[in-house]
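A closer look at the structure
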Amino acid sequence: MTEGQAAVLFGAVGLLERAISYTLGNLPNVSPAAWSQPTPCRDWDLAALLAHMSESLVALQEAGDVGRVALSPVSEHGNPGADPVSALRAQAGQLLGRWADTDADLVSVGGCPVSTSIVTSVGAVEIAVHGWDVAQACGHPRPIPPQLAEELLRLAPLLVTDADRPGRFAAPVAVPAHASPGDRLVAFLGRDPQ
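Residues numbered from 1 in each chain as written. Predicted model: local features only at pLDDT ≥ 70, side-chain atom pairs only at ≥ 80, totals over all residues. Heavy atoms only, no water.

A separate point is helix α3 (residues 46–66). Along its 21 residues, α3 runs 30 Å from first to last C-alpha, staying within 8% of the 30 Å computed at 1.5 Å per residue. N-capping of α3 is provided by Asp45, with a side-chain oxygen placed 3.3 Å from the backbone N of Ala47. One or two steps after α3, the chain reaches Gly67, where phi turns positive at roughly 75°. (Helix = DSSP H or I, 4+ residues; strand = E, 2+ residues; numbered from the N terminus. Expected span 1.5 Å × (residues − 1). Polar contact = N/O pair within 3.5 Å; in protein donor to acceptor, adjacent residues only side chain to side chain.)

Structure representation (structure tokens):
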């Protein structure tokens with residue numbers, strides 16, 4: 001782990017907060033008419049992506065509330081229902097409140113102890129990149145803010161390895177050397193930033 005990666009991990013709750021803020025800024029463009037739109041996530045339309053995002057927020061909430069995350073599907077708990085945007089907003093607010101108030105150092109993930117900074121960092125990457133996916137699917141592209149993207153990009157290679165591909169992530173997409181941090185981040189996670 002580099003010094004830059006360690007510094008980002010140290011401020012992981014703040015990173016999570018900024019990722020949520022970015023993503024909440026993309027939700028006003030979601031409408032029921034867009035739910036069937038394809039997303040940059042292979043095989044998911046926008047409705048499936050919103051349900052997955054809700055499941056992710058439920059898992060992060062569980063980690064903060066009870067100090068553990070079960071590695072089983074949470075679909076029945078993460079279903080955003082008829083108004084996924086309102087549900088995601090409410091979940092995000094609860095999540096931020098929970099993590100701002102925790103002093104736990106470890107979370108049990110599938111029975112293994114993991115530092116809270118890793119858990120919140122994974123959450124930040126997940127939430128920011130799926131926020132980008134939402135913006136793309138709605139036809140209102142909005143780049144991940146450069147500083148946030150740069151920090152997430154430092155962590156991404158620690159969190160997503162070759163073992164995660166092709167199951168959870170597609171292969172990285174080549175981008176020009178001068179590409180923005182946001183474009184490099186989404187490309188690393190198998191999305192075409194174009």
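Following the structure, the description resumes.
Within a regular beta strand, the side chains point alternately toward one face of the sheet and then the other, so they alternate between its two faces. Relative to strand β2 (residues 106–109), strand β1 (residues 68–69) is paired through two bridges, and the arrangement is parallel. The residue bridging Arg68 from the neighbouring strand is Ser108, located in β2. Pairing of β2 with strand β3 (residues 112–115), which is carried by four bridges, proceeds in the antiparallel orientation. Opposite Leu106, over in β3, you have Ser115 as the bridge partner. Remark: two residues form the turn of the hairpin made by β2 and β3, two consecutive strands paired antiparallel; Gly110 in that turn has positive phi of roughly 60°. (Pairing = 2+ DSSP bridges.)

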